Protein chains: 2
Amino acid sequence: MLPANLLTELQRTFPPDRFYTDPVDCYSYAYDNSRKIFPPDAVLFPLTTEEVRQIVLLCNQYHVPLIPRGRGTGTAGGSLPEFGGIALSMERMLNIISIDPANRIIVAEPGVLNQTVQDAAKPHGFFWPPDPSSAQFSSIGGNIATSAGGPHAVKYGTTREHVLGLKAVTGTGDLITTGCYTTKGVVGYDLTRLLIGSEGTLAVITEATLKLSALPSAVAGITANFNDLSSCTQAIVNIMALPQLPSALEFLDAGSLNLIRGRYPNMLPVDTHAMLMIEVDGFDQDISTSITAILEACRSDGLISAQQANDTAALWQARKALSPLLKEIAPKKINEDVVVPVSTLPQFLAGLRRLSDHYQLHNVNFGHAGNGNIHVNLLINPDDTEEVSRAERCLDEIFDLVIKLRGTLSGEHGIGSEKRAFVTKEIDHVTLDLMRNIKQVFDPNNILNPGKVFPATP
Amino acid sequence: MLPANLLTELQRTFPPDRFYTDPVDCYSYAYDNSRKIFPPDAVLFPLTTEEVRQIVLLCNQYHVPLIPRGRGTGTAGGSLPEFGGIALSMERMLNIISIDPANRIIVAEPGVLNQTVQDAAKPHGFFWPPDPSSAQFSSIGGNIATSAGGPHAVKYGTTREHVLGLKAVTGTGDLITTGCYTTKGVVGYDLTRLLIGSEGTLAVITEATLKLSALPSAVAGITANFNDLSSCTQAIVNIMALPQLPSALEFLDAGSLNLIRGRYPNMLPVDTHAMLMIEVDGFDQDISTSITAILEACRSDGLISAQQANDTAALWQARKALSPLLKEIAPKKINEDVVVPVSTLPQFLAGLRRLSDHYQLHNVNFGHAGNGNIHVNLLINPDDTEEVSRAERCLDEIFDLVIKLRGTLSGEHGIGSEKRAFVTKEIDHVTLDLMRNIKQVFDPNNILNPGKVFPATP
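Under an unreviewed UniProt entry, chain A has the name D-lactate dehydrogenase and belongs to Nitrosomonas ureae. The record in UniProt for chain A states the following under Cofactor (unreviewed entry): "FAD". Quoted verbatim from the Sequence similarities (unreviewed entry) field of the UniProt record, the comment on chain A reads "Belongs to the FAD-binding oxidoreductase/transferase type 4 family."

Rendered as structure tokens:
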């Protein structure tokens, strides 16, 4: 329950269509793609930086949790109002403030969808490289909060590399301006990157200066099918050792392929146990040079076939078929996005198979192999407590394996609430304490997205 | 003077050849390329992270300034021991810890020279993109402390984009480990980029995980000469609007060309008043496509000639000739590295000319035009107080112009001590206070490089 005085003050400032308190209205802001449900006590829809400032000042005064939210597409529970409080939906801060093709920059408010940025950039020959699978529906504010990536990160990097500056409101209601409007700049500490990936725990982003990249003049793709996992993982390692990086290098394991085959019996070669979808972009000559090299890198006794796809649709056909099937197959999936160094992928994927066999768990693994970023999905029945317990123990061992291989627990989804129990596997307590102290500087009363990112203090 | 107990403890721990206290020995650590002189009370040469920790703990206990130092090639005074204390020379932490071509990574200690990293990467087909002009002599620790860039930043970015993780010791002697060993990772706050460019004020870097890039398969260059500035700046804008970024786009103004012409009468076309050196890299086909497009982008009434250079030496001939001449010409040069949005370069360079005319100052301007990063050099006689005063007023107006054009005061040199008086022109006091509070978290007793980066508190 919100303090009565706070409610009164907010009602005075915001019209009812921008301040929800009815639980029915608030319910849509209770969940994200982690599928957990924590209804907020209220939802606010600011339109301006100044309104964000007013809201933060009030929440700080009354010590009420404020949970910034993009479009709720996150999978790690980062936007869940676990402790109630106010969901701060940025979805109506929708202005593209400027499009500046000469300087390859778009300045936009946080509610602008990733796709809208792409649409604004495209006529000028540009795009904004972060490409989460939610790009059509997710906002740049959310992309920035998680340092979102996607298939093209292998060549273009993630959000971190494509934001020049931010405006943001800290937990004390201070408006800060970070970074610059140029591609180079070293004045003051890099608060821009500190905020990128901080999942709304340090400040509410109210404006972003996005760095655009030139659209490639041509794109081509290869699909490669392997009858064993190790030939496939070796091909990944070989491809990543080539000088020109592919613009995407995606992997589907046997579990993924079996799912697809169950629904679409003729889509895949019969013996395929592992598949790669490889995209290259650039000039025509780049592409033909790369394709020759990649086809060569795929060659092994385990290769069934590797060939150039006719078009982008053909390249991504299997991957696109997979997503809806995954949602159907199991009442619950534990969805992770661990990353390991590319050279350890053979070891990691073999270990993953060993662990899922040992714990007798059905799992489906796929993802951004070029970055070593594998989406591990453990498919479980949440009503089967024994299976749930096995899955938890398996997950714990998977994370241990990732860390042993010098990997990281999350490549793009973030920690949110889903992974915070595991953060100490990766970050030592000294470094974590320093991060907590930084949080304290930005948000001394811990009102901004409390409880996220950090493991519960013992 | 250092406290006697501190001296005793350090003498007990470090042999004399790694702990200088004789002023004669210390003098070599009193200056950098800003040419100011502040002798430290002592110099320490740690060999390990643990030794760095011991030193920081002692300095913190005795509240003695500790000034981390790479190879002293910085131009902004960032490594000057202004308040005495101990210069912490990292020059003997020289180990390359691992070379991992399969994952495109080198892990190195901070004293390793940039050039040594390049030499280690090259046999594997890789390089580390940060390329300050000091690359042969400067250390990666120093490069990271300033987020160093160079001519190739226009295509490859600066140090910020090429470091995956760090080990560092904060001002309280805490060893922190930041980032990860993979190209993607979003676990915890991005302390890696917070430390990059922080000029040794937050922590002492003791190990860096460097992300390598593939060496281009071919490189070519164009030199273009213009008989007026505005044709040249328009060509810069045109080139930067092309889809493929040049790998370098360097500019020399009339002042620079006159200097060169004075010494080498036949190196340049007679009427040249502005010159571009443009490098492109990639595959052969990329290059020929780019060269055609760039030659077209240079075309204007003011173009004297634009042609492909025979080789890299020919491309950079004028630029290389300039550096020693600059050192000779004036008793003092005020050397800035401001950045403006590329599209505003015509306006900026015209303004710069207007200001130098108004203040009757000789100036020479050149630099990384593709990033809008111009090295402005005001040439003055430091004994002429009236001229010095004019230069100071001119500089102030130059910075105002830069900010008005949405630029930044430093693209790669950093703030150090040289520019701190101007920081408030760019960063508002709220944001600056937040940075001060972050400094306080890392270094509560303000022992690490005190006084740098921030303007003096009023």
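(A) Structural context of the overall build of chain A. When you go through chain A residue by residue, the secondary structure sums to 15 helices and 18 strands. At 23 Å, chain A has a C-alpha radius of gyration in line with the 23 Å of a compact globule built from 458 residues. For chain A, the spread of C-alpha atoms along the principal axes amounts to about 70 × 60 × 40 Å. Among the 458 residues that make up chain A, the fraction classed as buried is 63%. In chain A, of all internal contacts separated by at least 6 residues, the share reaching a separation of at least 24 is 72%. Total accessible area on chain A stands at roughly 16,800 Å², and carbon and sulfur atoms take up 52% of it. The positive charge centre, built from 36 side chains, and the negative charge centre, built from 48, are 1 Å apart in chain A.

(B) Highlighting the sheet that holds strand β12 (residues 218-226) of chain B. Residue and element names in this part refer to chain B. In space, the seven strands of this open sheet follow the order β15-β12-β14-β13-β17-β18-β16, with antiparallel pairing throughout. If you trace the sheet from one side to the other, it starts and ends with β15 (303-308) and β16 (332-339), each paired once. Within this sheet the neighbouring strands show an average axis-to-axis angle of 15 degrees, counted without direction. Here β12 runs beside strand β14 (residues 274-282); their pairing, made up of nine bridges, is antiparallel. Bridge assignment links Asn225 to a residue of β14, and that residue is Met275. Strands in contact with helix α10 (residues 284-298) are β12, β14 and β15; relative to β14, the strand with the most contacts, it is inclined by about 160 degrees.

(C) Spotlight on the relation of the copies chain A and chain B. Each copy superposes on the other: chain A lies on chain B with an RMSD of 0.0 Å after a rotation of 180 degrees and an axial shift of 0.0 Å. Both chain copies can therefore be described as sitting about a two-fold axis. The overlap is high: 99% of the interface residues of chain A also sit at the interface in chain B, so the same surface is used on both sides.

(D) Region of the structure containing the UniProt feature "domain: FAD-binding PCMH-type" (unreviewed entry) in chain A. With numbering aligned to this structure, UniProt lists the feature "domain: FAD-binding PCMH-type" (unreviewed entry) at residues 36-215 of chain A. Annotation note: span residues 36-215 of chain A, helix share 21%, strand share 26%, distance between end C-alpha atoms 38 Å.

(E) Representation of the environment of Gly149 of chain B. Position of Gly149 of chain B among the secondary structure elements: in the loop between α5 (140-146) and α6 (153-156). In contact with Gly149 of chain B, not counting residues within four places along its chain, are Asp131, Pro132, Thr158 and Glu412 of chain B.

(F) Focus on the interface of chain A and chain B. Contacts between the two partners involve 77 residues from chain A, matched on the other side by 76 residues from chain B. With both sides pooled, the region where chain A packs onto chain B buries about 6,500 Å², and carbon together with sulfur makes up 63% of that total. When residues of chain A are sorted by the area they lose upon contact with chain B, Lys184, Val186 and Tyr189 of chain A head the list and together hold 15% of the total. The interface formed by chain A and chain B contains four salt bridges.

(G) Structural detail: the sheet that holds strand β6 (residues 105-108) of chain A. Residue and element names in this part refer to chain A. In space, the five strands of this open sheet follow the order β5-β6-β10-β8-β9, with antiparallel pairing throughout. Only two strands of the sheet have a single partner each, and these edge strands are β5 (96-100) and β9 (175-179). Neighbour to neighbour, the strand axes of the sheet diverge by 15 degrees on average, direction disregarded. With seven bridges joining them, strand β8 (residues 163-170) and strand β10 (residues 203-211) adopt antiparallel strand pairing. Across the sheet, Val169 pairs through a bridge with Val204, a residue of β10. Those strands touched by helix α3 (residues 49-62) are β8, β9 and β10, and its axis lies near 40 degrees from that of β8.

(H) Structural detail: unusual backbone geometry. Backbone geometry places Gln360 of chain A, a non-glycine residue, at a positive phi of 50 degrees. With respect to the helices and strands, Gln360 of chain A occurs in the loop between α12 (345-358) and β17 (362-368). The phi angle at Ser147 of chain B is positive, at roughly 45 degrees, despite the residue not being glycine. Among the structural elements, Ser147 of chain B can be located in the loop between α5 and α6.

(I) Looking closely at the nonpolar core. Counting 179 residues, the largest nonpolar core has Leu276 and Phe348 of chain A together with Leu276 and Phe348 of chain B as its most contacted members. When near neighbours in sequence (up to four residues on either side) are disregarded, Leu276 of chain B contacts Ile222, Thr223, Ala224, Phe226, Cys232, Ala235, Ile236, Ile239, Leu249, Glu250 and Phe251 of chain B.

(J) Structural view of the packing of aromatic side chains. For the structure on display, the rule yields 14 aromatic pairs over all chains. Aromatic side chains Phe454 of chain A and Tyr189 of chain B sit 5.4 Å apart centroid to centroid with 85 degrees between the ring planes, which places their arrangement in the edge-to-face category. Taken together, the residues Phe454 of chain A in the segment after α15 (429-442) and Tyr189 of chain B in the loop between β9 (175-179) and α7 (191-195) connect one chain to another. Assigned by exposure class, Phe454 of chain A and Tyr189 of chain B land together as buried. Within the aromatic cluster, the residues linked to one another by ring pairs are Tyr20, Tyr29 and Phe45 of chain A. Above the plane of the ring of Phe45 of chain B lies Arg92 of chain B, whose end atom (NZ or CZ) is 3.9 Å from the centre. One residue, Arg406 of chain B, lies across the ring of Tyr181 of chain A, its end atom 3.8 Å from the ring centre.

(K) Focus on the pattern of salt bridges. A full pass over the atoms with the stated rule returns 36 salt bridges over all chains. Of the charged contacts, one joins Asp190 of chain A and Arg193 of chain A as a salt bridge, the two residues approaching to 3.3 Å between their closest N and O atoms. You can call Asp190 of chain A buried: its relative accessible area is 5%. Taking relative accessible area as the criterion, Arg193 of chain A reaches 6% and is therefore assigned buried. Where Lys425 of chain A meets Asp400 of chain A, a salt bridge forms, and the shortest distance between an N and an O atom there is 2.7 Å. Taken together, the positions of Lys425 of chain A in helix α14 (residues 423-426) and Asp400 of chain A in helix α13 (residues 385-404) put the pair 25 residues apart, joining distant regions of the chain. Judged by its relative accessible area of 25%, Lys425 of chain A falls in the partly exposed class. One continuous salt-bridge network, built from bridges that share partners, spans Arg160 of chain A together with Asp190 and Arg193 of chain B.

(L) Region of interest: the packing of helix α8 (residues 229-240) of chain A against helix α10 (residues 284-298) of chain A. All names here are of chain A. Interhelical geometry of α8 versus α10 gives an angle of 145 degrees and a closest axis separation of 8 Å. In this structure, α8 crosses over α10, and the sense of that crossing is right-handed. Between α8 and α10, the contacting residues are Ala235, Asn238 and Ile239 on the first element and Ile294, Ala297 and Cys298 on the second. In terms of residue class, the contact of α8 with α10 is built from five nonpolar, one polar and no charged.

The rules behind each value
Residues numbered from 1 in each chain as written. Chains lettered and ligands numbered in written order. Predicted model: local features only at pLDDT ≥ 70, side-chain atom pairs only at ≥ 80, totals over all residues. Heavy atoms only, no water. UniProt positions renumbered as here; feature names shortened; annotations may be inferred. Helix = DSSP H or I, 4+ residues; strand = E, 2+ residues; numbered from the N terminus. Rg over C-alpha atoms; globule rule 2.2 N^0.38 Å. Buried < 20%, exposed > 50% of the residue type's maximum accessible area, 1.4 Å probe, protein only. Contact = heavy atoms within 4.5 Å. Areas by Shrake-Rupley, 256 points an atom, 1.4 Å probe, with all protein chains shown as cover. Lys, Arg positive; Asp, Glu negative; His and termini not counted. Charge placed at Lys NZ, Arg CZ, Asp CG, Glu CD. Pairing = 2+ DSSP bridges. Axes fitted to C-alpha atoms, helices over the stretch in contact; angles between N-to-C directions. Least-squares fit on C-alpha atoms with pLDDT ≥ 70 in both. Buried area = accessible area lost by both parts, 1.4 Å probe. Salt bridge = Lys/Arg side-chain N within 4 Å of Asp/Glu carboxyl O. Core = buried A, V, L, I, M, F, W, Y, C linked by side-chain atoms within 4.5 Å. Phe/Tyr/Trp six-rings, centres within 6.5 Å; stacked < 30°, edge-to-face > 60°. Lys NZ or Arg CZ within 6 Å of the ring centre and 35° of its normal. Left-handed = near helix turned anticlockwise from the far one by under 90°. Nonpolar A, V, L, I, M, F, W, Y, C, P; charged D, E, K, R; others polar.

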